[in-house]
Amino acid sequence: MSENFSRRDFLKLAGLGAATTAVLTGCGPASRFVRREPYMQMPEYTYNGLSTYYATTCRECAAGCGLVVRTMQGRAIKTEGNTNHPLNLGKTCARGQATLQGLYNPDRVTDPIQKARGTALGRESGNLLDWDAAIQVAADALGKHKPEEIAFLLGLAPDHLDDLVRELAEATGINPPLRFGALSMFEARATLSRAAENLFGKSGIPYFDIGGAQVVFSFGANFLETWLSPVSYTRGFAQMREALSKRRGTFVQFEPRLSSTGAKADEWIPIRPGTEALVALTIGRLAFELIGGALPRAFSDVDPMQAAAKSGVKLETLQRLAALFAGSPHSLAIPGGPALGLKNGLSVAEAVLALNAIPNNFGKPGGVFFSAPAPGQMESSRAASTREMRDFITKLADGDIKVLFIHGVNPVFELPAEMGFKDALQNVEQVISFATFPDETALEADFILPDHHGLESWGYQQVGTGTAQSVLSGAQPVVSPFYNTRATVDVLLAAAKLAGGAFAQALPYVDEVAFVQHRIAPLMRESGGPFSAPEIGAFSAYFQQHGGWWKKGTDLLPPNPADVLNRDLDQTESEFVGEGEFFLVPFVSPTLAEAGANKPWLQELPDPTTTVMWNTWVEMNPATAHDLHIENEDVVVITSEAGEVEAPVYLYPAIRPDTIAIPFGQGHSSYGRYAAGRGANPADLFGLHFNQAGDLAFAGMKVTVRKTDRKQALSRMESLMGVYGEGLGQEK
Amino acid sequence: MNSKIPEIKLSEEQTGKWGMVIDQDICTGCQACVAACAMENNLSFVGEVDAGYGRSMHWIRIERFWEGEYPEVKMTPGQPMMCQQCGSAPCEPVCPAFATVHSQAEQLNLQVYNRCVGTRYCANNCPYQVRSFNWRDYVRPEPLPNQLNPDVTVRRMGVMEKCTFCIQRIHKAEDKAKSEGRELTDGEFTTACAQACPANAITFGRIDQPESLVSQLIRKHGHGVKHLEELGTLPSVTYFKGG
Amino acid sequence: MFKRLFDWLRQPLGLIAVGIVLLTVFSLAAYGIFLTQQSSAQPIQFPHRTHVGFGIQCLYCHPGAARGPSAGIPSQAKCWGCHQQIAKTQTSALLAPLKQAVESGTPIQWVPVAMVPDFVQFNHRAHVAAGQNCEDCHGDMTLVTIAENPQVFNMGWCLDCHRKAAGEDEAKLLKLADCGTCHY
């Protein structure tokens, strides 16, 4: 031992001490303390440590893609696409992948609860019920009111619930269910359907065979993002592009703000908002002039020079595009997205659909069809237009409805605040929600009787569009229910039985499975299915095992093209509401869509074009921003005639200088910890204006932009790659 | 007893075993691959602030760049960027703990979590910037851990991680083939990203077998690009720019 | 003040005191480590010896070993399949927890004995298929009541065996000694 206790010795000793501490605290492997629980009764097709796969249907949107879910020891581990399913052929979108984060989300509604309206979910604000009491509540709601005082508001999925409620309504005289979803609002389904009716004499959602097309002109259709059936349309796009055997297809997108669909286009035409119909008709006229022959009535009135001036697209460009469109027998024009959310959205849809008469692609490969009707699909179960929703809200506000059941839709968040859904609920005696999540609408309910998550549910979805085949997509539970939830169909069956009278007789089914079997039974007699069975038990088992039932061969219906061009088409520009200097283009977030904000991994997916994560941004042209002395991440206030929204600016190079854009999907006040209090909801800006078909004119506004003195950092992927990315600055 | 591990052979001709081809012309940037990867490989989400600092744990990201100015502005085709599984990887020689090693059996760059001490040298030396570091023990509130894939290690704070070409799927498929007494066939399994991709822009398979789908695609397209090949990294991912 | 303390510590008595303190700290540390490595008691004193003595094959209760990564703990229904027909089950104190668990429908909380860390991906099937017997790793179950590990499952032990299995076959060694075979 040395004479002096040197600093070095001290450090040695200190080091030894630190090492001891580290050993003591850091050594115990946590897995030493795990317990292993065996199955009580192991399912016979299960082996320890091996996965079991179940086919079911994705419920993240209404498209109805087939999933195969990998489960292990009773837990869902991974969603994969069902390779046999005609709609998605084994593929999924990001939301389909993240559906597990909804299933195992920490903020689900765990038990049936009676609660005060407008309060957050919690033991203090609510009164947990057992299911017997909860079903009694539903039974009283049905039995103690007049049928016309009872209404159901349903989402776009699942379809079997809609069928059940429709059956109930027919038998008892309650209001037929109304179906709605933010996606149907932004897709302007009613507009598409009405345009088809006007042009072809038959309503229905058109199907666009992008895969077979060689020239695709899209007017605002965001078919690679959330539009109608994005997975199948993306496959179509890939086929159009990939086609190694033939010429690579050309894709032109007309829209004021480059969407992530438009980013894949060979050419982006930033046309002035409101001139979509005019540009489509001009291209039609110019194309016809190239082909020669008598100019049809539809295109005869347009003046290309004027159109060029109004739309901001050069005449030469229009001529070149017309030549391109006329030059191929497989040209296709698609209307969609914000272009239909203009005040003249129906005119846009008609004008663009009429373009397809130039190659006359109706009912031909690479052309326009009517979607294949799914087995059992009824015209009445289509999504309501936003104007129909307004009429319904008026009914609520007038106190005509005493009991409102809500399932699978969140109108308090999705509808424009201006429509007053939340206030109208005050005049409804009893609101019963079947929400899986404590979303804004569920919190306004008196009772939440939580449904299972989609992956815990039986059912089916009628595939409305996106495939040539007629598809009924089957759903089955891939795991047993994680919480004390109950299938809404089962709750309604039990409640109807308790309510007695007409209700008890209306629904003679033992349970949800029996109901689904009853509905799929007619398919047993159909030929051309993927399987056959002599009796319903086996048939139903095959149905679940295959993930649904579909007919071989195409069931697409050709539209009647006779009168398409033999009519006057409206070429006037759209009117805009509001005094502001900017056109507003609201678009559905490609990663979150309308209900993805509660899933943390969807929040952390970078937006395809801006790469922003976890927040809302306002897209503005850099030149405009420069003029207004606005920099990246400056918070601005957007004011429309209906309201205000605050969000940081993202300098977006691909947007018209007179236009700003804002994504829809964030801005929740509840809906779980990952969604609540994050970003802004552009629905607050929407005024009560509709296009001719009754869909909301969400893109028909002019707004003002005011800079605040605040900045808000946006988390984004770009230029921050790698572990030593540039810092964001201050924590928020 | 033979305990000598053969030395790594470097040559320009050397091809890896597993590879990918990515058709950028049809990649729509939809992020399905990113989500699929996160779900398959137990990736942590880091939250808004950490993501803003560039600490998000994406093993695959879709790069896009802007060309030109309005109105002649264009977004470059989506470029899914993940570990390129270099034949001669810059990350490997710099690891002082031998946590970033080359698998001789599978010809992949491995990240051995239990060896990793978190120097982050590998990430600094990676020209593709595809490695992500666990700056914290990121929280997954209950019951989110129920979805964890038991075939993949859940990483802790202080560990580097990156794309593995879904090595757990490789092993599982190999194990299955072996148990059935046959060779692994091309296309029998694929990575999570390729499996999800709605446009089928990603194809995974054996690049050392001329009849495999990836090899056929490389021959067919004929103008594939390997990123930063000039650095001599011998990447295993081929990109088709298309257009 | 510190100088006086150091002076005192430098004299023999002081050194002894320091020694005692250090010894105590290290013994406590060692004991602490020991404690962290101790597994808690099994809910049932399961006599492997007896069951193997009846001639029951390992794979009867742990069939996963031949098929997949994990051997698995038998379901309670499997235990009960035999035990409900054994009179002793109703009376034996040792079997009371099983009876209670089956009747109340609560799973028994077994304490895992043979386990590898989370960062090791172990597959039983490959080892069984390669001709390994259960007792090569898990020891002779005819000798124990509660399963015990005859050796610590550390990497050196794994690799020893892998190297032996590879023998002179270089390609096989590449595979069996590859980090990525177990760690991913």
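Every value quoted in this text rests on a predicted model; they were computed, and no experiment measured them.

A. Representation of the overall build of chain A within the structure. Helices and strands together make up the secondary structure of chain A, namely 23 helices and 25 strands. Computed over C-alpha atoms, the radius of gyration of chain A comes to 28 Å, within 12% of the 27 Å expected from 2.2 N^0.38 for 732 residues, which places it in the range of a compact globule. Expressed as lengths along the three principal axes of its C-alpha atoms, the size of chain A is roughly 100 × 85 × 55 Å. Taking all 732 residues of chain A together, 64% fall into the buried category. Across chain A, the fraction of contacts at a sequence separation of at least 24, relative to all contacts at a separation of at least 6, is 72%. Across chain A, the 62 positively charged side chains and the 79 negatively charged ones have centroids separated by 5 Å.

B. Structural view of the packing of aromatic side chains. If you walk through the whole model with that rule in mind, you get 39 aromatic pairs over all chains. Judged by centre distance (5.4 Å) and plane angle (85°), the rings of A:Tyr674 and B:Phe45 are edge-to-face. Of the two residues, A:Tyr674 sits in the loop between β24 (659–664) and β25 (702–711) while B:Phe45 sits in the loop between α1 (32–40) and α2 (48–52), which places them in two different chains. On the basis of relative accessibility, which here comes to 9%, the residue A:Tyr674 falls in the buried class.

C. Representation of the interface of chain A and chain B within the structure. On the chain B side, the residues contacting the 82 residues of chain A number 72 residues. Summed over both partners, the interface of chain A with chain B comes to about 6100 Å²; 58% of that surface belongs to carbon and sulfur atoms. Counting every contact that joins chain A to chain B gives six salt bridges. Residue A:Arg678 is joined to B:Glu48 by a salt bridge in which the shortest nitrogen-to-oxygen separation is 3.0 Å. Joining chain A to chain B, the criterion identifies 29 residue pairs in polar contact (both at pLDDT 80 or more). Contributing elements (two or more residues each) for the side of chain A that touches chain B: β2 (66–72), β3 (75–81), α2 (94–97), α3 (99–103), α8 (230–242) and α22 (600–603) of chain A.

D. Quick look at the pairing of strand β7 (residues 108–111) of chain B. Residues and elements named next belong to chain B. Residues Leu-108 and Leu-110 of β7 are buried on one face, and the alternating residues Asn-109 and Gln-111, pointing to the opposite face, are buried as well. With four bridges connecting them, strand β6 (residues 100–103) and β7 associate as antiparallel partners. Residue pairing across strands places Ser-103 opposite Leu-108, the latter belonging to β7. Turn length for the β6-β7 hairpin, with the two strands adjacent in sequence and antiparallel, is four residues, and the turn residue Gln-107 shows positive phi of about 55°.

E. Local environment of unusual backbone geometry. Put simply, B:Tyr70 and B:Pro71 share a cis peptide bond, and its omega is 0°. In this chain, B:Glu142 is followed by B:Pro143 through a cis amide linkage whose omega measures 0°. Looking at the secondary structure, you find B:Pro143 in the loop between β8 (132–133) and β9 (160–161). Of note in the backbone geometry, A:Leu89 takes a positive phi value of approximately 45° without being a glycine. Within the element layout of this structure, A:Leu89 appears in the loop between β3 and α2. What makes A:Leu89 partly exposed here is its relative accessible area of 41%. Here the phi dihedral of A:Thr611 falls at roughly 65°; this positive angle occurs in a residue that is not glycine.

F. Main features of the confidence of the model for chain B. Taken over all residues, the pLDDT of chain B has a mean of 89, while the share at 70 or more is 93%. Among the prediction metrics, the complex's ipTM stands at 0.92, with pTM recorded as 0.90.

G. Seen up close, the side chain of A:Ser470. Residue and element names in this part refer to chain A. Along the chain, Ser-470 falls in the loop between β17 (459–462) and β18 (471–475). Within the local environment of Ser-470, its side chain forms a polar contact with the backbone oxygen of Pro-373, the two atoms lying 2.8 Å apart. In this structure, Ser-470 is in contact with Ala-372, Pro-373, Ala-374, Pro-375, Trp-549, Trp-550, Lys-551 and Asp-555, ignoring residues within four places of it in sequence.

H. A look at the packing of helix α9 (residues 276–291) of chain A against helix α11 (residues 304–311) of chain A. All names here are of chain A. Viewed as axis vectors pointing N to C, α9 and α11 meet at an angle of 145°, and their least axial separation amounts to 10 Å. In this structure, the crossing between α9 and α11 has a hand that is left-handed. Counting all contacts with α9, which are made through Leu-278, Val-279, Thr-282, Arg-285 and Leu-286, the residues of α11 involved are Pro-304, Ala-307, Lys-310 and Ser-311. A class-by-class count of the residues in the contact of α9 with α11 yields five nonpolar, two polar and two charged.

I. Structural context of helix α11 (residues 155–166) of chain C. Over its twelve residues, α11(C) extends 16 Å from the first C-alpha to the last, a length consistent with the 16 Å expected when each residue adds 1.5 Å. Downstream of α11(C) by one or two residues, C:Gly167 has phi in the positive range, about 60°.

J. The arrangement of the sheet that holds β3(A) in detail. All names here are of chain A. Reading across the sheet, the three strands line up as β1-β2-β3 and stay open at both edges, with antiparallel pairing between neighbours. Looking at strand neighbours, the two that pair on one side only are β1 (52–57) and β3, the edges of this open sheet. Pairs of neighbouring strands in the sheet enclose a mean axial angle of 30°, with direction left out of account. One ladder, built from six bridges, connects β2 with β3; its direction is antiparallel. Bridged to Val-69 within β3 is Thr-79.

K. Up close: the nonpolar core. Counting 136 residues, the largest nonpolar core has A:Phe217, A:Phe223, A:Phe254, A:Ile283 and A:Leu404 as its most contacted members. Per-element accounting of this core gives the leading share, nine residues, to α9(A). Filtering out sequence-adjacent residues up to four positions away, A:Phe254 remains in contact with A:Phe217, A:Ser218, A:Phe219, A:Gly220, A:Ile269, A:Ile271, A:Val279, A:Ile283 and A:Leu321. A:Val479, B:Met39, B:Ala201 and B:Val237 belong to the second-largest nonpolar core, a separate cluster that totals 82 residues.

L. Up close: the pairing of β24(A). Residue and element names in this part refer to chain A. Judged by how many residues are buried, β24 sits mostly within the fold: six of six residues are covered. Side chains Thr-659, Ala-661 and Pro-663 of β24 all project onto a buried face; the interleaved residues Ile-660, Ile-662 and Phe-664 project onto the opposite face, where all are buried too. As defined by bridge partners, strand β20 (residues 582–588) adjoins β24 across six bridges and the pair is classed as parallel. Looking at the pairing, Val-585 lines up with Ala-661 of β24.

M. Structural context of the domain arrangement of chain A. Residue and element names in this part refer to chain A. According to the domain assignment, chain A contains domain 1 (113–183 + 376–550), domain 2 (185–370) and domain 3 (582–711). For domain 1 and domain 2, the distance between their C-alpha centres works out to 36 Å. Each side of the interface is counted separately: domain 1 has 14 residues, and domain 2 has 14 residues. Buried surface at the junction of domain 1 and domain 2, both sides included, amounts to about 1100 Å², of which 58% is carbon and sulfur. Linking domain 1 with domain 2 are zero salt bridges, by the criterion used here. Inspection of the region where domain 1 meets domain 2 yields seven residue pairs in polar contact (both at pLDDT 80 or more). When grouped by side-chain class, the residues that make up the side of domain 1 that touches domain 2 number six nonpolar, six polar and two charged.

What counts and what doesn't
Residues numbered from 1 in each chain as written. Chains lettered and ligands numbered in written order. Predicted model: local features only at pLDDT ≥ 70, side-chain atom pairs only at ≥ 80, totals over all residues. Heavy atoms only, no water. Helix = DSSP H or I, 4+ residues; strand = E, 2+ residues; numbered from the N terminus. Rg over C-alpha atoms; globule rule 2.2 N^0.38 Å. Buried < 20%, exposed > 50% of the residue type's maximum accessible area, 1.4 Å probe, protein only. Contact = heavy atoms within 4.5 Å. Lys, Arg positive; Asp, Glu negative; His and termini not counted. Charge placed at Lys NZ, Arg CZ, Asp CG, Glu CD. Phe/Tyr/Trp six-rings, centres within 6.5 Å; stacked < 30°, edge-to-face > 60°. Buried area = accessible area lost by both parts, 1.4 Å probe. Salt bridge = Lys/Arg side-chain N within 4 Å of Asp/Glu carboxyl O. Polar contact = N/O pair within 3.5 Å; in protein donor to acceptor, adjacent residues only side chain to side chain. Pairing = 2+ DSSP bridges. pLDDT = per-residue confidence, 0-100. Axes fitted to C-alpha atoms, helices over the stretch in contact; angles between N-to-C directions. Left-handed = near helix turned anticlockwise from the far one by under 90°. Nonpolar A, V, L, I, M, F, W, Y, C, P; charged D, E, K, R; others polar. Expected span 1.5 Å × (residues − 1). Core = buried A, V, L, I, M, F, W, Y, C linked by side-chain atoms within 4.5 Å. Domains from an automatic or database assignment.

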